[in-house]
Amino acid sequence: MTHYIRYTDSVEVRQADEDALIQKIVASMGRVNRAHFERHRHAHRDAHAKSHGVLVGTLTVLDGLPEHLRQGVFAEPRSYPIVVRFSSAPGDLQSDRIATQRGMAIKMLGVEGAKVLPEHRDEKTQDWLLVNHPVIPFGDVASYWRVQQFAESRGSSSELSKQLTSTLARGAHKVLGLAGVHNETVKALAVRNTHPLGETFHSMAALRFGDYLAKLSAAPLSPELRLLTGRELDIDDPSSGVRDLVTAFFDSHPAEYELRAQLCTDLARMPVEDASVEWPESLSPHQPIARISLPRQDAYSPARRVYADDVLSFNPWHCLEAHRPLGSIMRVRRTAYEASSRFRHEMNVRPRVEPRDISDIPA
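Residues numbered from 1 in each chain as written. Predicted model: local features only at pLDDT ≥ 70, side-chain atom pairs only at ≥ 80, totals over all residues. Heavy atoms only, no water.

## So, the overall build of the protein chain
Using the following cut-off: Here a strand is any run of E in DSSP of at least two residues, a helix any run of H or I of at least four, and the numbering for each starts at the N terminus. Relative accessibility thresholds used throughout: buried, under 20% of the residue-type maximum; exposed, over 50%; partly exposed, between the two (1.4 Å probe, protein chains only). Here a residue-residue contact requires only that any non-hydrogen atoms of the pair lie within 4.5 Å. Where accessible areas are quoted, they stem from the Shrake-Rupley method and a 1.4 Å probe; at the residue level, only the protein chains shown are allowed to cover.
Each helix and strand in the protein chain was counted, giving eight helices and nine strands. Within the protein chain, the proportion of its 363 residues that are buried is 55%. Counting only contacts in the protein chain whose residues sit at least 6 apart along the sequence, the fraction spanning at least 24 positions is 79%. Per element, the accessible surface of the protein chain, about 15600 Å² overall, is 53% carbon and sulfur.

Here is the structure:
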């Protein structure tokens, strides 16, 4: 019988100078946000700024789950309305010809119970933020600060230089791999420009999973999605090429993803505080917990785009205590997401509200 590590407060260990580093990171992000706002005269998210599709659908918790998977919102077999946003990872509106990581943010509605953030306590939503890479290359707050300084210095780089960085990273990753060196930062930069809907998305960092610890992932389930896995993109319109592919797909196809949990069995080999370490599937495989169903729909209507980009917020800390984010990277995100959301809504003169019903999402 597999022994899953039980959650206790002791699984988290704060780093030296963590609070000071978080303040530096958030201040740097604020400067980058301000520079992007001055360029566009519109405030965007400091990560995953570019939307490619906004969907409504259903998350259905699977029936007959074993005890170790019946945790938090997955304790009972029931369905929840959801909003899903597909995006690109950078904090600016880059060309779609630049290979970069993609995001899948999920907001569950109708989730009862007190939430972690005091200002969010009485809301009825639970968020999951996933990226198509299994780890965060800069896996702790000190590494995050080094990467954030680089990101700020590169903020004004041209589109060509960013494309060259991605191309060179892919070459560097191959060379390092042949030499037996595995650098997660280079690997993350070295992504291929493939169809986002065929990707598998990961929480990257650990979170509380009721009585246990886990990472989550969402993998393509329906045949039409699986056909897109690994498909290289040939982008005609660099400003909207990926969006056009996503909207074209949902014009004629529904989609299903399998939501899965990978539970921690060994804190030494599956650490909480270092999000750059991939948890080995040989120790603990991903186990299905729910199904995400997205029907055919207009994935990017003007009203829905404005609501998703200017009103809606996704935050890993919009959650039940049973799904509290864990580790120093997640503790950075608690402060960073709040600062970014506040800036974006204030500059765009938009309310900060959580949807109470799926009808709140424009068609």
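## Digging into the side chain of Glu 273
Our working rule: N or O atoms within 3.5 Å of each other form a polar contact, as long as, within protein, one can give a hydrogen and the other can take it, and as long as residues adjacent in sequence are counted only when both atoms are side-chain atoms.
Within the secondary structure, Glu 273 sits in the loop between β8 (255-263) and β9 (287-294). The class of Glu 273 is buried, set by a relative accessible area of 17%. Within the structure, Glu 273 has its side chain in polar contact with the backbone nitrogen of Ser 328 (distance 3.0 Å). Among the polar contacts made by the side chain of Glu 273, one reaches the side chain of Arg 331 at a distance of 3.1 Å. Setting aside chain neighbours within four positions, we find Glu 273 in contact with Val 11, Glu 12, Val 13, Gln 15, Gly 139, Asp 140, Gly 327, Ser 328 and Arg 331.

## Let's talk about the packing of aromatic side chains
This is how the line gets drawn: Only Phe, Tyr and Trp rings are paired, with Trp represented by its six-membered ring, and only when their centres lie within 6.5 Å; those with planes under 30 degrees apart are stacked, over 60 edge-to-face, the remainder tilted.
Enumeration according to the criterion identifies eight aromatic pairs in this entry. For the ring pair Phe 37 and Phe 343, a centre distance of 6.3 Å and an interplane angle of 85° mean the geometry is edge-to-face. In this pair, Phe 37 sits in helix α1 (residues 18-40) while Phe 343 sits in helix α8 (residues 328-347), placing the two residues 306 residues apart along the sequence. With relative accessibility at 7%, the residue Phe 37 sits in the buried group. Summarising the aromatic geometry, the rings of Phe 138 and Tyr 144 are spaced 5.1 Å apart at their centres and angled 50° between planes, so their arrangement reads as tilted. Using a relative accessible area of 21% as the deciding quantity, one classes Phe 138 as partly exposed. Among the residues examined, Tyr 144 registers a relative accessible area of 11% and is labelled buried.

## With respect to α1
Stated formally: Here a helix's expected span is defined as the number of its residues, less one, multiplied by 1.5 Å.
The end-to-end C-alpha distance of α1 is 33 Å, a good match for the 33 Å that 23 residues give at a rise of 1.5 Å each. Along α1, the residues that are buried comprise Glu 18, Leu 21, Ile 22, Ile 25, Val 26, Ser 28, Met 29, Val 32, Asn 33, His 36 and Phe 37. Of the surrounding secondary structure, the elements contacted by the buried residues of α1 are α2 (141-153) and α8. Remark: Arg 41 follows α1 within two positions and exhibits a positive phi of approximately 55°.

## Details of the pattern of salt bridges
Worth spelling out the cut-off: A side-chain nitrogen of Lys or Arg and a carboxyl oxygen of Asp or Glu constitute a salt bridge if their distance falls within 4 Å.
As enumerated under the stated definition, the model contains 25 salt bridges in all. We note a salt bridge from Asp 96 to Lys 50, for which the minimum N-O separation is 2.9 Å. You can see Asp 96 sitting in the loop between β2 (79-88) and β3 (102-109) and its partner Lys 50 sitting in strand β1 (residues 50-61), a full 46 residues away along the chain. Judged by relative accessible area, Asp 96 falls into the buried class, the value being 2%.

## Re the confidence of the model for the protein chain
As a note on interpretation, predicted positions should not be read in detail where pLDDT is low. Under the convention used in this document: Here pLDDT means the predictor's own confidence in every residue, given as a number from 0 to 100.
Of the residues in the protein chain, 90% reach a pLDDT of 70 or more, and the chain-wide mean stands at 89. Throughout residues 157-182 the model reports pLDDT below 50, and contacts reaching past four residues in sequence, or to other chains, amount to 30 contacts.

## Side note on α2
Across its 13 residues, α2 extends 18 Å between first and last C-alpha, which sits within 8% of the 18 Å expected from 1.5 Å per residue. The complete set of buried residues in α2 reads Val 141, Ser 143, Tyr 144, Trp 145 and Gln 148. Contacts made by the buried residues of α2 are with α1 and α8. Looking at where α2 begins, the residue whose side-chain oxygen comes 3.2 Å from the main-chain nitrogen of Ala 142 is Asp 140.

## Points about the environment of Arg 208
By the secondary structure assignment, Arg 208 is in strand β6 (residues 207-209). In this structure, the C-alpha to C-alpha distance between Arg 208 and Arg 324, residues 116 residues apart in sequence, is 5.1 Å. With near-sequence residues (within four places) excluded, Arg 208 lies in contact with Tyr 7, Glu 321, Ala 322, His 323, Arg 324 and Leu 326.

## Considering the nonpolar core
Applicable threshold: We call a set of buried residues a nonpolar core when its members are Ala, Val, Leu, Ile, Met, Phe, Trp, Tyr or Cys and they connect through side-chain atoms within 4.5 Å of each other.
Core analysis: the largest hydrophobic core is formed by 45 residues, its most contacted members being Phe 74, Ile 289 and Leu 294. Counting residues per element, this core draws most heavily on β8, at five residues. Apart from residues no more than four positions distant in its own chain, Leu 294 is found in contact with Leu 55, Val 56, Gly 57, Ile 82, Val 84, Phe 86, Phe 250, Pro 254, Ala 255 and Tyr 257. Judged by nonpolar contacts, the second largest core, of 17 residues, contains Val 26, Met 29, Val 131 and Tyr 144.

## Section: the environment of Met 270
Structurally, Met 270 is set in the loop between β8 and β9. Met 270 sits 64 residues away from Ala 206 along the chain, and the two C-alpha atoms are 9.3 Å apart.

## Considerations on unusual backbone geometry
The residue Asp 17 is not glycine, and still its phi comes out positive at about 60°. Among the residues examined, Asp 17 registers a relative accessible area of 61% and is labelled exposed. Here Val 349, not a glycine, exhibits a phi torsion of approximately 50°, which is positive. If you trace the backbone, Val 349 turns up in the segment after α8. Using a relative accessible area of 72% as the deciding quantity, one classes Val 349 as exposed.

## Comments concerning the side chain of His 195
Inspection of the secondary structure assignment puts His 195 in the loop between α4 (184-189) and β5 (201-202). Overall, His 195 belongs to the buried group, its relative accessible area being 5%.

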